[in-house]
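# Examination of the molecular architecture
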Amino acid sequence: MSLVVIFIYPVAFLVWSSMQRTLAFGATAEFAPTANYEAMLSDPTFWNAAEKTLTYSFGSFVVTMLSGLIIALALNNVVRKRLRDTYTTLILLSWAVPLSIVGVTWRWMFNGQLGVVNKLLRDLGLLSGNFSWLANPETAMAVVIMADAWSRIPFATIIILAGLQSIPQETYDAAKVDGATTFQTFRHVTLPYLRPSFFVAGLITWMFAFRAFAIPFSTTGGGPAGATEVLAIYIHRFGIELFDYGFASAVSMFLVGVTLIVAGIYVNVILEQLSEIEA
């Protein structure tokens with residue numbers, strides 16, 4: 001019964017709502033199975049939001065995973081366990097910050113007039129005057145990507161660190177006896193064992209970034225001129241601001257569908273990696 005209440009009913013209601021043509025103030029007019037989807041696919045702003053979502057999610061994925069890998073490798077080389085645990089705990093602090101607070105903080109940091117980033121760059125002589133980071137389409141997207149990655153790096157770090165610590169020490173000893181260099185050991189020993197953990201962390205990181213709302217909304221609100229309007233903000237605009245629940249539900253179905261397809265492909269890749277390691 002709990003499965004029906006928590007999962008099946010909301011999904012069924014979302015599918016049903018996406019097939020309803022909505023009038024003003026949320027009143028449903030008629031059952032139109034394809035009307036919202038046709039309107040969605042013919043709307044240029046939808047494709048803009050889809051493009052920005054891909055840019056945002058993959059940008060956050062790359063920054064998060066590379067940073068998480070570097071930090072995890074550094075932590076794994078800390079010999080004293082108590083010191084390593086202390087560093088790990090400190091890294092987790094950013095993960096505990098609510099995403100909306102992260103967005104507001106980064107918006108203040110990159111404020112064109114009062115932001116600490118501009119002040120720091122001016123003090124270093126790298127900037128002569130104020131620069132409106134969030135008013136420029138290219139830099140605004142870069143800021144929200146970095147903010148999103150900052151909040152997710154601790155998760156990726158912990159997963160990758162767990163994968164590093166599960167690698168048998170005997171494998172490293174054998175590579176050392178064979179005369180392998182540090183790079184060769186990393187390439188032929190660390191990476192093969194680390195791939196499942198890396199893929200799991202990557203999948204979860206990408207899924208959260210793909211449907212992200214709090215950070216881009218609280219940082220830029222989707223601006224400037226739609227430059228950071230991801231699909232979640234697009235859904236919010238139609239569902240909450242314009243009361244077009246049917247259209248918003250159709251876009252939500254698209255968001256869920258893409259996530260499931262990518263997750264399904266990704267899981268198959270992870271299972272293949274696990275079977276190769278076990279073999």
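These lines cover the structure that appears in this document, whether it is placed above or below. Not measured: the values here are computed from a predicted model.

A separate point is a nonpolar patch on the surface. A cluster of nonpolar side chains, namely Ile6, Phe7, Ile8 and Val11, defines an oily patch on the protein surface of about 400 Å² accessible area. Following the sequence through the fold, Ile6 ends up in helix 1 (residues 2–18).

A word on the nonpolar core. Counting residues in hydrophobic clusters, the biggest one holds 27 residues, and the most contacted among them are Ile160, Tyr234 and Val251. Sorting the residues of this core by element identifies helix 3 (44–76), helix 7 (137–165), helix 9 (182–210), helix 11 (231–241) and helix 12 (245–278) as the ones contributing at least two each. The element best represented in this core is helix 3, accounting for 7 residues. With 19 residues, the next largest nonpolar core counts Val102, Phe110, Leu134 and Val143 among its residues.

Attention shifts here to the pattern of salt bridges. A side chain with one charge may pair with a side chain of the opposite charge, provided their charged atoms come close. Scanning the model with the defined rule gives 4 salt bridges in all. Close ionic contact of Lys119 with Asp123 constitutes a salt bridge, the shortest N to O distance being 3.1 Å. Note that Lys119 and Asp123 are positioned in helix 6 (residues 116–123) at a spacing of 4 residues, about one turn of the helix. Residue classification places Lys119 among the partly exposed residues on the basis of a relative accessible area of 46%. Judged by its relative accessible area of 56%, Asp123 is exposed. Close ionic contact of Arg237 with Glu229 constitutes a salt bridge, the shortest N to O distance being 2.9 Å. Exposure remark for Glu229: the relative accessible area of 10% places this residue in the buried category.

Attention shifts here to the packing of aromatic side chains. Enumeration over the complete set of coordinates arrives at 15 aromatic pairs. With centroids separated by 4.8 Å and ring planes inclined at 20°, the aromatic side chains of Phe213 and Phe217 adopt a geometry described as stacked. Ring geometry for Phe243 versus Tyr245: centroids 6.3 Å apart, planes at 90°, classification edge-to-face. On the accessibility criterion, Tyr245 (39% relative accessible area) is partly exposed.

The rules behind these values
- Residues numbered from 1 in each chain as written.
- Predicted model: local features only at pLDDT ≥ 70, side-chain atom pairs only at ≥ 80, totals over all residues.
- Heavy atoms only, no water.
- Patch = residues over 30% accessible without salt bridge, like charges linked within 9 Å, V, L, I, M, F, W, Y side chains within 5 Å.
- Areas by Shrake-Rupley, 256 points an atom, 1.4 Å probe, with all protein chains shown as cover.
- Salt bridge = Lys/Arg side-chain N within 4 Å of Asp/Glu carboxyl O.
- Helix = DSSP H or I, 4+ residues; strand = E, 2+ residues; numbered from the N terminus.
- Core = buried A, V, L, I, M, F, W, Y, C linked by side-chain atoms within 4.5 Å.
- Buried < 20%, exposed > 50% of the residue type's maximum accessible area, 1.4 Å probe, protein only.
- Phe/Tyr/Trp six-rings, centres within 6.5 Å; stacked < 30°, edge-to-face > 60°.

By themselves, these figures tell us nothing about what the structure is for.
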